[in-house]
Amino acid sequence: MTSIDEVEVGDELPELVKDPTIPQLFRYSAITWNPHRIHYDAEYAETEGHPNILVQAHLHGAVIQELMMDWLGGDGRLRELSWSNVGRATPDRELHVGAEVTAVDPETRTVEFDAWTRTSETTCAEGTVAVELFE
């Protein structure tokens, strides 16, 4: 169980590593009704100046959420999640997902985080997360 007393500013969550594949990105585009060809057609993506197809913006948010929910388990709930995509990820690179505690409020049982996705070359998304821990 995650206890509010065990969480401190500066703590980092165990990193989540994702390996996005071309079929996975195609399916994610289909299920989210995202028809932009940069997510499933490498030749077209190159015409827009990208090195390969791109991981969808919303997938970055989804993997940040996955990291947080894995950490919380049944011990809390996600209160807020926001992120901005600041770089790009492609299916030929591992996507590393992380978060660091930036605030702990024992009274409201709220923990705030800075969160991100990164490849070995660049930061892809930056965001903030707030969770509430149960007693």
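Here the structure is shown first, and the text comes after it.
Structural notes, computed from the coordinates. Given the structure is predicted, the values throughout are model-derived calculations rather than measurements.

Here's the deal with the environment of G61
- Mapped onto the secondary structure, G61 falls in helix α3 (residues 57-72).
- Under the relative-accessibility criterion, G61 is labelled buried at 3%.
- Linking G61 and V97, residues 36 residues apart in sequence, is a C-alpha distance of 10.0 Å.
- If sequence neighbours within four positions are ignored, G61 has contacts with L81 and W83.

Brief notes about unusual backbone geometry
- Residue W33 is not a glycine yet carries a positive backbone phi of 55 degrees.
- Here W33 lies in the loop between α1 (22-31) and α2 (42-47).
- Look at W33 and you get exposed, because its relative accessible area is 77%.
- In this model, R109 sits at a positive phi of 60 degrees, which is unusual for a non-glycine residue.
- Its place among the elements puts R109 in the loop between β3 (95-105) and β4 (110-118).

Conventions adopted
Residues numbered from 1 in each chain as written. Predicted model: local features only at pLDDT ≥ 70, side-chain atom pairs only at ≥ 80, totals over all residues. Heavy atoms only, no water. Helix = DSSP H or I, 4+ residues; strand = E, 2+ residues; numbered from the N terminus. Buried < 20%, exposed > 50% of the residue type's maximum accessible area, 1.4 Å probe, protein only. Contact = heavy atoms within 4.5 Å.

Such coordinate-based values are descriptive only and should not be taken to indicate function.
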